[in-house]
Every structure is written in structure tokens, then in C-alpha cells.
Amino acid sequence: MDRIYPTRQWYKELVVYQIWPRSFCDGNADGIGDIKGVISKIDYIKQLGANAIWFSPLYKSPQKDYGYDISDYRDIAPEYGTLEEFKQLLALAHEKGLKIIMDLVVNHTSDQHQWFLESRKSKDNPYHDYYFWRAGKKGGKKPPNNWLSTFPGPAWQYDEHLNEYYLHLFAVEQPDLNMDNPRVREEVKNIMRFWLDMGVDGFREDVITFISKKEGLPNGFPLPAARGIEQYVNGPHIHEYLGEFRKEVLDRYTCMTVGEAPMMTPKVALRYIEEGENQQLNMMFHFQHMEADCLFISWIRRPFNLRKLKKVYDNWQTKLYGKAWNALYLENHDQPRIISRYGDECYRAESGKLLATMYLCQSGTPFIYQGQEIGMTNIRLPELDMYVDISTINTYKLFRKLHFKHETIMKIAKEASRDNARTPMQWSAGKNAGFTQADKAWFHINPNYTEVNVEAQLEDPDSLLNYYRKLLALRKENPVFVYGDFKMHYRRSKKLFVYERNFEGEKLLVICVFSDEPVRFRTTGGLKLAGAELLLSNYTVDNPGEDDFLTKPYETRVYLFR
Ligand code: NOJ
């Protein structure tokens, strides 16, 4: 039987560069990243080999959760620029062949959004039912149910004026929208149309699998955080609502979607992303591969376990192949830096190249987070008052409540905090790492910028940055990188991650060594490296045709068989 290959689609050939605007590049010398700054770096992104940009929220926001609390879905935050500037950026990006993907955050709004301000005026206000307002239990003294926020703390906030509580699965300032209200769904569709009509090319949909809550909002299992999560993850009407968005809006445009999906498995994901009539999203950001050094969240730390990582990839790569499409990422604004987690800061460039190869050679659309391509690492801020991320601060409070010592929590925060990913981009060894001309950047800059920066790496042919460029160029030239299948070798190895990809008679062999000590590598399945072309490696290889060799620290090689 002929092999069923994935259908060719433009969104499968994207390489997406993620920008977290506040820390990318400051164009007006106020210490905060902005659209002007992005415009000045468009060529840099293009030359990296990306053909799309995903912007973490640029919208008007009180910035309690750095943009994920939106107060106006149709305008740009003044510190980032104006709508006019955004349109210029969009036109420029399109001119350069870059697609623009916006963040769509509709599980919740800011508490300063007009809808919420109206909703809290009175129980009969037409916007009241845009949110989850409920009477308390026990004569109003206790919240309506036992749910806890995913940023630790209660999920309900009492409002004295209304004598009711409102639901917020994230910060107090992020009230949840009631998607069961058809008027709210109309609002969401109109927001999508607004941006798509302007010309944007798609959406990354924030915690989109949370938008349908179980009717009656029943109590959840007694967990110390995110209690109640089973009552709203992949909720009862989720497929109906996403189907509605697709049919009434998305299908009428050439656009793509990627949904953020905590606790997702391939089996459940297929209900959202399997290609065909009922497909609701093009791809999903699951979290399972981000749990190879922790238990569910980065705050519950465990030693890195390569076998756990390989199992996850094997599962997603093989179960989706030919049916649905993977989204590949190792970093984003919520995840500590990957070299500090799965790599080795003593072998920063080598392990950075290894990690890049490991995920960019898989099947799926790759996402690269700003600074990942130069190997930015965790900043490890030592004092609590140096952190600004609301989830870090709330998690600290929760751990204190659970009787953890201050020192112990700080030790965890240094590795686990989202602030590790949010330090300003390191453009040069100059003032403020070239991020801003202001006296001071809005946030701490990693002191390693004198060594780890774009300028230095552009000049060095062996740099991590130039390795990313080579790898992305190879992906673009060889369809086997994009459309090939996935077969794991050395399944049981704790140090070797080796896989092959096959497509229309071509084969890639990807060798990744997760060890600083020599490991014996031998080809399996009768593969002869002498017959293959060594496309890429992170060391000079004297004898690329050798089928049996001892590896170097974090060595990686990619071979092509034709
Ligand atoms: C996921 C986003 O990536 C994160 O940054 C945000 O805090 C939450 N969703 C809430 O919007």
C-alpha cells in the first residue's frame, strides 16, 4: 500500500518567530519594547529564516499579566505604538513575505475592559451575563464553588456592590468571559473579523480549551492549585463553539490557528485538529514535552529525563502523522529558557544546537521564541522583589502557605519563573544589550549579554544563531524535513535521541546526544552512513561515513539519504 503523506498546506511550511513585545526591541527610547523596534528588526527575523511572526498581545492592557489582560481588543497599547504603526508593520511584513499571527485572548478580558465595567454596574446590565457572576454560598460568605485560579489563589472575587462573586481562572484582574452567552461569541467573531479584514494571517488562541465551563460550575477535585480544572478543560461545548468560529469566520479567510492546550494528549487533540469536516484548529500547543524536568508545572522540579521526552515526541509525531499537524516549540514567554533546562549552560552553544536540531527536524510547524536562537539562558533573579510576573508572585505566596522556606522557594523560582524568558533581547554587547537607548530597560537584563548577543553571533560562522539559519534553510530546501514521517531508533537509550524521517524516497537520520560524556553510537537497521550526505553537525566530523563512533559532548548530526 502506498504511504499516506500529509497534505501540503501553507501553514505547514511556516517557521514562526514569537515576539513578546515588551522585551524585543525599544524603538522610542522609553525602556519598553515596541512596534517601531520590531520594524527595525524585520530583516533580522527574515534572515533567520522565519516566514511568520506571532505577537504576544499588543493590545491595550493594564499589563497586570503583560498583555494577556486586554482592555480593548481593537487597539494597540500606547507603550507599544498605534494602530497606524501596526498597519505599517503588517504591510512591511507582508512585503517581506512574513505572515502575521495575533494572540487571541478570549477566555478572559481585563477587569478594565468596557464590558466588565458595565457588567459590574448592576445585575440587569446587558453586559452582566458576559461574565460568570454568581451569588456566594452560606448566605454569600463563601465563594460559589471550590475552584482555585491557575495563578495560585482563589478563582472567585467578591464584589460588594453587587453582592456577587465573579470567576477568574487567572489573575483577579482577568475575569472569565461567559462563552455560553451567544452575544459573547458574536463579539469574539467580530474581533477575529476585525483583524483578519485588516490582513493578519491567523491567531494563536490563548488557553482556548478552557472556554466552555461545565454547566452549574460544579466543585472540583481538592487540588492545591487550579482546582476545578477538570470542570472546564475541553468542556461540554468546546467543539461546538470552535466549530462555529471556524465556519462563520475562519473558513472565509486564508488564515491559520494554533490553540494553546494545557493537559492535552494526542487522542484528545485529534478531536480538535484532525483534518477534515470537523477540524476546528490547525494545530495545538500541548505541554507534554515541557514536562521532562518537572511534574505538570515547572515549579515541581525533577531531573531531566530524556526517555520521558522521547516518549512524548514519539507519541505526538506518530499519532498525528497523516491526520493532523504538530506545532513544535521549546520556548515561549511562559517557559524558562531551554538550554538552562534540557541543555547545559557549560556547553551553551553545543547543547543549543543539539536542542535546535532535536525539535526542528521533526514533523510540524516550528515556533522559535525571541532569544532562543542566540541561546539566551535563565537570569535566575535572586530576590523576590526583582520578579514582576504575577504567576511567580502568586506561586511564591502559595508555597509559603504550604510552609516552604523562603530560601527554598527562591531556589525554585530561579529555575521555574516565567520571568526567565522575559528579560530584554540581547542585541549587542553595548549599553543595555542594545535593547534600548533609554538609561534603563524596563526589566533586568541578563548579565551574560556581553557574551551572548546577536551582533557577536552574526559575525561568527559557528554561532548558534548561524546554526539556526542553516537548519531553517535546509528545512526550506528539503520537503522531507517538513512532510516526512517519524521513526525512533534507540528507543530505550537514556542519552541518545535518534530518529529518521522518510518522504518520497528520501530519508533523514537525526542523531542527538544528550550527554557531556562520550557515548558509543552505531547505526541500526543496516543504515550505512557512507551512502549519506552529512547535512549538518555541531562539530567538525572527520569521517562522516563511519557507522560506529564515540560521540562528543551534546553532539548532533543530520544525514540525508537519497
Ligand atoms: C497563557 C499565556 O501564554 C500566559 O502568558 C497567560 O498568563 C495565560 N494564558 C492567561 O492568559
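First, a word on scope: everything that follows refers to the structure included in this document. Here the structure is a predicted model, which is why all the values come from computation and not from measurement. (Residues numbered from 1 in each chain as written. Predicted model: local features only at pLDDT ≥ 70, side-chain atom pairs only at ≥ 80, totals over all residues. Heavy atoms only, no water.)

## A look at the overall build of the protein chain
Note the following rule: Counting from the N terminus, the helices are the DSSP runs of H or I reaching at least four residues and the strands are the DSSP runs of E reaching at least two. Computation of the radius of gyration draws on C-alpha atoms alone. For the globule rule, the value is 2.2 Å times the number of residues to the power 0.38. Exposed residues in this analysis have more than 50% of their type's maximum accessible area, buried residues have under 20%, and partly exposed residues fall in between, with area computed by a 1.4 Å probe over protein chains only. We call two residues in contact whenever any of their non-hydrogen atoms come within 4.5 Å of each other. Residue exposure ignores everything except the shown protein chains as possible cover, and the areas themselves are Shrake-Rupley values with a 1.4 Å probe.
A count of helical and extended segments in the protein chain gives 15 helices and 22 strands. Computed over the C-alpha atoms, the radius of gyration of the protein chain is 24 Å, within 12% of the 24 Å expected from 2.2 N^0.38 for a compact globule of 562 residues. Structurally, the protein chain occupies a C-alpha span of about 75 × 60 × 50 Å along its principal axes. Counting across all 562 residues of the protein chain, residues that qualify as buried make up 61%. Considering only intrachain contacts with a sequence separation of at least 6, the fraction spanning at least 24 residues in the protein chain is 70%. Carbon and sulfur atoms make up 50% of the accessible area of the protein chain, which amounts to about 22100 Å² in all.

## What to know about helix H8 (residues 306-320)
Our working rule: The span one expects for a helix is its residue count, reduced by one, times 1.5 Å. Polar contacts, as counted here, are pairs of nitrogen or oxygen atoms within 3.5 Å of one another; within protein the pair requires one atom able to donate a hydrogen and one able to accept it, and residues that are adjacent in sequence qualify only if both atoms are side-chain atoms.
With 15 residues, H8 should cover 21 Å at 1.5 Å per step; its first-to-last C-alpha distance of 21 Å lies within 8% of that length. Among all positions in H8, only Leu306, Leu309, Lys310, Val312, Tyr313, Asp314, Trp316, Gln317 and Leu320 are buried. Summarising the contacts, the buried residues of H8 are in contact with helix H7 (266-273), strand S14 (327-328), helix H10 (348-360), strand S16 (487-489) and strand S17 (496-503). With a side-chain oxygen lying 3.0 Å from the backbone nitrogen of Arg307, the N-terminal cap of H8 falls on Asn305. Immediately beyond the C-terminal end of H8, within one or two residues, lies Gly322, with a positive phi of roughly 85°.

## Here we look at unusual backbone geometry
The backbone of Met263 shows a phi angle near 60°, a positive value even though the residue is not glycine. Considering the arrangement of structural elements, one finds Met263 in the loop between strand S10 (256-260) and H7. If you check the backbone angles, Tyr554 has positive phi at about 55° while not being a glycine. Structurally, Tyr554 is set in the loop between strand S21 (548-550) and strand S22 (556-561).

## Notes on the packing of aromatic side chains
As a reminder, the rule being used: Side-chain rings of Phe, Tyr and Trp (the six-membered ring for Trp) are treated as a pair once their centres are within 6.5 Å; stacked means planes under 30 degrees apart, edge-to-face means over 60, and tilted covers the remaining angles. Placement of a charge over a ring requires the Lys NZ or Arg CZ to be within 6 Å of the ring centre, with the centre-to-atom vector within 35 degrees of the ring normal.
For the structure on display, the rule yields 40 aromatic pairs. Cluster of aromatic residues (ring-pair linked, three or more members): Trp147, Phe151, Phe170, Phe210 and Tyr232. The residue whose ring lies beneath Arg22 is Trp442, and the NZ or CZ to ring-centre distance is 5.0 Å. The positively charged end of Lys41 is found above the aromatic ring belonging to Trp427, 4.1 Å away from the centroid.

## Things to note about H10
If you check H10, its first and last C-alpha atoms are 18 Å apart, about what 13 residues at 1.5 Å a residue would give, namely 18 Å. Burial analysis of H10 places 11 of its 13 residues in the buried class, which makes it a mostly covered element. All of the buried residues along H10 are Arg348, Ser351, Gly352, Lys353, Leu354, Leu355, Ala356, Thr357, Met358, Tyr359 and Leu360.

## Comments concerning the site of the ligand
Here is the rule we go by: Note on definitions. A residue lies near a molecule or strand when any single heavy atom of the residue is within 4 Å of it. In this analysis the probe radius is 1.4 Å and the grid spacing 1 Å, with only protein atoms considered; a cavity is a set of points the probe fits into but cannot get out of, a pocket is an open set with protein on both sides within 12 Å along at least five of seven lines, and lining residues have an atom within 4 Å of a point. Being in a pocket or cavity means that more than half of the molecule's atoms lie within 2 Å of its grid points.
Taken together, Asp65, Tyr68, His108, Phe151, Phe170, Arg204, Asp206, Glu260, His333, Asp334, Arg418 and Arg422 are the residues near the ligand. Between the ligand and Arg418 there is a distance of 3.0 Å, counted from an oxygen atom to a side-chain nitrogen or oxygen. For the ligand, the accessible surface in isolation is 300 Å², of which the surrounding protein chains cover 97%. The cavity that encloses the ligand is the largest pocket.

## Remarks on the pattern of salt bridges
Spelled out, the test is: We define a salt bridge as a side-chain nitrogen of Lys or Arg found within 4 Å of a carboxyl oxygen belonging to Asp or Glu.
All chains considered together, the criterion is met by 34 salt bridges. In this structure, the salt-bridge partner of Glu555 is Arg557, at a minimum N-O distance of 2.8 Å. Owing to a relative accessible area of 2%, Glu555 belongs among the buried residues under this scheme. Classification of Arg557 as buried rests on a relative accessible area of 6%. Linked by salt bridges that have partners in common, Asp65, Asp334, Asp389, Arg418 and Arg422 make up one network.

## As for the nonpolar core
Selection rule: Take the buried Ala, Val, Leu, Ile, Met, Phe, Trp, Tyr and Cys residues and link them wherever side-chain atoms come within 4.5 Å; each set so joined is a nonpolar core.
In terms of nonpolar packing, the biggest core is built from 160 residues, with Tyr17, Phe86, Met102, Trp195, Met358, Phe367 and Phe497 touching the most fellow members. Leave out the neighbours within four places in its chain, and Met358 touches Leu309, Tyr313, Leu330, Phe497, Tyr499, Cys512 and Phe514. Phe132, Trp156, Phe210 and Tyr232 belong to the second-largest nonpolar core, a separate cluster that totals 18 residues.

## Quick notes on the pairing of S17
To keep it simple, the criterion reads: Each pair of strands is called paired provided DSSP finds at least two bridges between the two strands.
Within S17, 8 of the 8 residues are buried, which leaves the element mostly enclosed by the surrounding structure. Residues Leu496, Val498, Glu500 and Asn502 of S17 are buried on one face, and the alternating residues Phe497, Tyr499, Arg501 and Phe503, pointing to the opposite face, are buried as well. Bridge count for S16 against S17 is 3 bridges, and the pairing is antiparallel. Residue pairing across strands places Met488 opposite Tyr499, the latter belonging to S17. Taking the residues that link successive antiparallel strands as the turn, the S16-S17 hairpin has 6 residues, and the phi of Tyr490 there is positive, at about 45°. Where S17 meets strand S18 (residues 506-513), 8 bridges bridge the pair, whose relative direction is antiparallel. In the strand pairing of S18, Phe503 is matched with Glu506.

## Section: the pairing of S18
Extensive coverage of S18 is indicated by the burial of 7 of its 8 residues. The turn linking S17 back onto S18 is made up of 2 residues, and Glu504 within it adopts a positive phi angle of 45°. In this structure, S18 lies alongside S22, joined through 6 bridges in antiparallel fashion. The residue bridging Val510 from the neighbouring strand is Val558, located in S22.

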